[in-house]
Amino acid sequence: DGYYIARGDDGFGFFSIGAAFGMPLDMIPSDYGAWALNAGVTLYSTESDVYANPDDTFVTYNLGLSLAF
């Protein structure tokens, strides 16, 4: 609902698939908490009529640093 421009409410909006990875940063002493490096990638596939989408298929990436204490 809300993905199409004047075509109605039914049909294919988008499809996505992705993967995420995490790696502990063991070189940082545990006195400072548990640090980890995180990364991910997601592939999106849409129809050409999806609202405000310049490409039918595109990839997004993310990179992060986490701390647990």
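Look up a bit, the structure's there.
Residues numbered from 1 in each chain as written. Predicted model: local features only at pLDDT ≥ 70, side-chain atom pairs only at ≥ 80, totals over all residues. Heavy atoms only, no water.

(A) Here's a closer look at the overall build of the protein chain. Along its length, the protein chain carries 0 helices and 3 strands. Secondary structure elements of the protein chain, listed N to C terminal, follow the sequence β-β-β. Looking at the protein chain as a whole, 13% of its 69 residues qualify as buried. Within the protein chain, contacts between residues separated by at least 24 positions form 50% of all contacts whose residues are at least 6 apart in sequence. About 5,400 Å² of surface is accessible on the protein chain, with carbon and sulfur atoms providing 60% of the total. (Helix = DSSP H or I, 4+ residues; strand = E, 2+ residues; numbered from the N terminus. Buried < 20%, exposed > 50% of the residue type's maximum accessible area, 1.4 Å probe, protein only. Contact = heavy atoms within 4.5 Å. Areas by Shrake-Rupley, 256 points an atom, 1.4 Å probe, with all protein chains shown as cover.)

(B) Here's a closer look at the environment of Thr57. Along the chain, the position of Thr57 falls in strand S3 (residues 57-68). If near-sequence neighbours (up to four positions away) are discounted, Thr57 is found in contact with Leu43, Tyr44 and Ser45.

(C) Structural view of the sheet that holds S3. Taken in spatial order, the 3 strands line up as S1-S2-S3 in an open sheet, and their pairing is antiparallel. Two strands in the sheet have a free side with no partner beyond their single neighbour: strand S1 (14-24) and S3. Each adjacent strand pair in this sheet contributes to an overall mean axis angle of 15°, direction not counted. As paired strands, S1 and strand S2 (residues 34-46) are joined by 11 bridges and run antiparallel to one another. Each bridged residue has a counterpart across the sheet, and for Gly18 the counterpart in S2 is Thr42. (Pairing = 2+ DSSP bridges. Axes fitted to C-alpha atoms, helices over the stretch in contact; angles between N-to-C directions.)

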